[in-house]
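Here are the chains, one letter per residue:
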Amino acid sequence: MAFVTTEQMLRTADQEGYAVGAFNVENMEMVMAVIKAAEEMNAPAILQTTPSTIKYAGLPLYYANVKAAAKSAKVPIALHLDHGNSFSLAMQALRVGYTSIMIDGSHEAFDDNILLTQSVVKACAPSGIPVEAELGKVGGKEDDLDCNDPGYTDPDDAVKFVEETGISSLAVAIGTAHGIYKGEPKLDVERLSEIRKRVSIPLVLHGASGVPDEAVRECIRRGISKVNFATELRIAYSNGIKQFLKDNPDAFDPKKYGVVGMEYVTKVVKDKINVCGCANRV
Ligand code: 13P
């Protein structure tokens with residue numbers, strides 16, 4: 001099926017009241033595992049890579065992997081740059097063929113975030129590639145960056161930011177954090193509703209690993225159309241491999257333990273697709 005952009009995927013999700021799962025992948029096995037889950041659930045899916053993942057294997061390898069897998073997949077698949085941290089990286093991803101770009105200027109001052117985001121939107125527009133940006137700061141360990149001073153998205157700023165940048169989707173900070181939570185996260189869902197009332201483009205929830213399913217569902221009811229999951233997939237993949245090697249200490253064929261890692265990831269992704277209400281939306 002098609003290798004698509006996130007534009008229509010997220011607009012449809014927004015209109016129909018569900019969210020598309022966006023899953024961080026680190027290697028070929030995780031690409032295969034996510035796409036298998038999406039096919040089994042008959043759900044569209046977004047695969048995404050962060051700058052540290054790109055540093056590990058390079059944009060062309062992830063692109064080639066996802067493009068090839070998407071071509072034979074039975075469901076629509078998009079490849080998204082997650083937390084693009086510079087204009088230059090965003091342009092490299094665009095040129096390689098990523099079908100969706102995030103530019104994350106949330107660590108900059110508000111006006112600088114607008115300028116950076118505007119420049120990426122302008123550069124992506126001729127190819128019809130949608131841009132996600134972030135306003136406010138999602139806490140926790142985001143890729144190689146520790147964010148110890150999280151800040152909530154201000155609804156007035158959100159209106160101005162969306163108008164001035166022309167982005168396709170907005171990542172909001174409402175109390176989630178990247179990585180493992182120490183306690184149960186307290187989400188400011190009223191703030192989310194307020195932003196939703198005033199901003200008409202699809203909204204994105206980052207840091208969803210460890211957020212209780214019911215809290216994710218509540219965010220979707222209040223207007224989230226894309227939910228990002230990374231840490232739980234990394235844990236699942238590693239746990240699958242650890243378990244296999246524990247049971248088979250003499251194993252040395254990566255295919256043997258790779259299969260188990262993939263099974264664990266597929267299971268988690270299927271659960272998340274259910275939570276997002278995205279099953280059978282193809
Ligand atoms: P988690 O690692 O908490 O799932 O966050 C994922 C994310 O938001 C990637 O951008």
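Up top you'll find the structure we're talking about.
Below: a short report on this structure.

About the criteria used
- Residues numbered from 1 in each chain as written.
- Predicted model: local features only at pLDDT ≥ 70, side-chain atom pairs only at ≥ 80, totals over all residues.
- Heavy atoms only, no water.
- Phe/Tyr/Trp six-rings, centres within 6.5 Å; stacked < 30°, edge-to-face > 60°.
- Helix = DSSP H or I, 4+ residues; strand = E, 2+ residues; numbered from the N terminus.
- Buried < 20%, exposed > 50% of the residue type's maximum accessible area, 1.4 Å probe, protein only.
- Core = buried A, V, L, I, M, F, W, Y, C linked by side-chain atoms within 4.5 Å.
- Salt bridge = Lys/Arg side-chain N within 4 Å of Asp/Glu carboxyl O.
- Contact = heavy atoms within 4.5 Å.
- Polar contact = N/O pair within 3.5 Å; in protein donor to acceptor, adjacent residues only side chain to side chain.

1. Description of the packing of aromatic side chains
Applying the stated rule across the entire model yields 3 aromatic pairs. With centroids separated by 5.7 Å and ring planes inclined at 15 degrees, the aromatic side chains of Phe-23 and Phe-229 adopt a geometry described as stacked. Residue Phe-23 is found in strand E1 (residues 20-24), and its partner Phe-229 is found in strand E11 (residues 224-229); the two are separated by 206 residues along the sequence. Given the relative accessible area of 0%, Phe-23 is considered buried. Judged by its relative accessible area of 1%, Phe-229 falls in the buried class. Summarising the aromatic geometry, the rings of Phe-110 and Phe-161 are spaced 6.3 Å apart at their centres and angled 45 degrees between planes, so their arrangement reads as tilted. One end of the pair, Phe-110, is in helix H6 (residues 110-124); the other, Phe-161, is in helix H7 (residues 155-165), and 51 residues separate them in sequence. A relative accessible area of 0% places Phe-161 in the buried class.

2. As for the nonpolar core
Within the largest apolar cluster, 88 residues are counted, with the highest numbers of intra-cluster contacts made by Leu-47, Tyr-98, Ile-101, Leu-170 and Val-227. Examining the composition of this core, we find that 8 residues originate from one element, helix H2 (residues 28-41), more than from any other.

3. A word on the pattern of salt bridges
Note that side chains of opposite charge can pair when their charged atoms are close. This structure, assessed with the given rule, holds 21 salt bridges. Between Asp-156 and Arg-198 there is a salt bridge, with the nearest N and O atoms lying 2.8 Å from each other. Remark: Arg-198 occurs in helix H8 (residues 189-198) and Asp-156 occurs in helix H7; sequence separation between them is 42 residues. Ionic pairing is found between Lys-272 and Glu-232, a salt bridge with its closest N-O pair at 3.0 Å. Here Lys-272 is found in helix H11 (residues 254-276), whereas its partner Glu-232 is found in helix H10 (residues 231-247), with 40 residues between them in sequence. With a relative accessible area of 7%, Lys-272 lands in the buried category. Within this structure, Glu-190, Glu-214, Arg-217, Glu-218, Arg-221 and Arg-222 form a network of salt bridges that share partners.

4. Examining H7
Regarding H7, the residues found buried are Pro-155, Ala-158, Val-159, Phe-161, Val-162 and Thr-165. Tucked into the core, H7 has its buried residues touching H6, strand E5 (131-135), strand E8 (169-172) and H8. The residue sitting at the N-terminus of H7 and contributing the capping side-chain oxygen is Asp-154; that oxygen lies 3.0 Å from the backbone nitrogen of Asp-156.

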